[in-house]
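Descriptive analysis of the structure
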Amino acid sequence: KNKGEKNNYDISPHIVREFRHPDTDKILAVEVADAISEEMAYAVKSLAGCARKFLAEISYEHRPFGSGGGNDCTFIQSLAQIFLPAIPAHVQKVAEFVYEEVGWKDEEELPPPGTLGMRTMEHLNYGAFPKGLGSHSDQGSIYTVLFSLTDPKHYEGGEYYIEITREEMIETSQFKPDKVC
């Protein structure tokens, strides 16, 4: 490696965007750049491909949503913990980084990510759905960590929405995340 040259192992996660509640100003979500290395992204894609090919009956689900969208989901949590244990550990480190950086540690109702288990780890593909993912609600987790493994120039859609419901209106914030590696 030449002096000053960055290799793919040198990742330095940093927050590039915050999404705040319009009434309370609390941070609801953040976008983190340089959160995963190219090698980790490749390993996740490869593991998901193997799971779909050899373990489809227990790891793959075609999930249409009522909005006309959906995703093809490959559940990789158990396989990642066995074959790529650095990946789940890294996901947790990214969650802990955000927890510290944005001050969630000062929120009594938000436990440290390191004290929680990982509910699921999924590799999602939206190619089979012309309308993309569609509107849906993620529930059941205290924290959700998303890694975009594809450059947004290479697909349409993919916006992430946060809806704040009030009696008189729904306020929506949206962004299309950059590739994180």
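Above this text is the structure in question.
Cut-off values and rules
- Residues numbered from 1 in each chain as written.
- Predicted model: local features only at pLDDT ≥ 70, side-chain atom pairs only at ≥ 80, totals over all residues.
- Heavy atoms only, no water.
- Phe/Tyr/Trp six-rings, centres within 6.5 Å; stacked < 30°, edge-to-face > 60°.
- Helix = DSSP H or I, 4+ residues; strand = E, 2+ residues; numbered from the N terminus.
- Buried < 20%, exposed > 50% of the residue type's maximum accessible area, 1.4 Å probe, protein only.
- Pairing = 2+ DSSP bridges.
- Expected span 1.5 Å × (residues − 1).
- Arc of directions from axis to C-beta.
- Contact = heavy atoms within 4.5 Å.
- Core = buried A, V, L, I, M, F, W, Y, C linked by side-chain atoms within 4.5 Å.

The tally for this structure, following the rule as stated, stands at two aromatic pairs. With a centroid separation of 6.4 Å and 90 degrees between ring planes, the pair formed by Y99 and Y143 is classed as edge-to-face. You can see Y99 sitting in helix α4 (residues 86-101) and its partner Y143 sitting in the loop between β5 (122-125) and β6 (160-165), a full 44 residues away along the chain. The pair formed by Y99 and Y143 is uniform in burial state, with each residue classed as buried.

Both strand β1 (residues 14-20) and strand β2 (residues 27-33) contribute to a ladder of six bridges, which runs antiparallel. Within β2, the position partnered with I15 by the bridge is V32.

With that settled, the discussion passes to unusual backbone geometry. Leaving glycine out, the prevailing phi sign among residues is negative, and the prevailing peptide bond configuration is trans. Positive phi is not limited to glycine here, since D25 has a value of about 65 degrees. Classification of D25 as partly exposed rests on a relative accessible area of 47%. Phi angles above zero are rare outside glycine, and D34 is one such case at about 55 degrees. Structurally, D34 is set in the loop between β2 and α1 (38-54).

Before going further, it helps to spend a moment on α1. Residue pairs spaced three or four apart in an α-helix point in one direction, given the helix's 3.6 residues per turn. For α1, with 17 residues, the first-to-last C-alpha span of 24 Å sits near the 24 Å given by 1.5 Å per residue. The complete set of buried residues in α1 reads M40, A41, A43, V44, L47, A48 and A51. Angularly, the buried residues of α1 cover 160 degrees about the axis, an arc narrow enough to put them on a single face. Among the exposed residues of α1, those oriented more than 90 degrees off its buried face are Y42, K53 and F54. Contacts from the buried residues of α1 go to α2 (56-59), β4 (70-75), α3 (77-83), α4 and β5.

We now examine the nonpolar core. Counting residues in hydrophobic clusters, the biggest one holds 14 residues, and the most contacted among them are V44, L47, I76, I87 and M121. At the level of secondary structure, the elements contributing two or more residues to this core comprise α1, α3 and α4. A per-element tally of this core places α1 first, with six residues. Apart from the residues lying within four places of it in its own chain, the contact partners of M121 are T74, F75, I76, Q77, A80, I87, P88 and V91. Counting eleven residues, the second largest nonpolar core, distinct from the first, contains V98, V102, W104 and L110.

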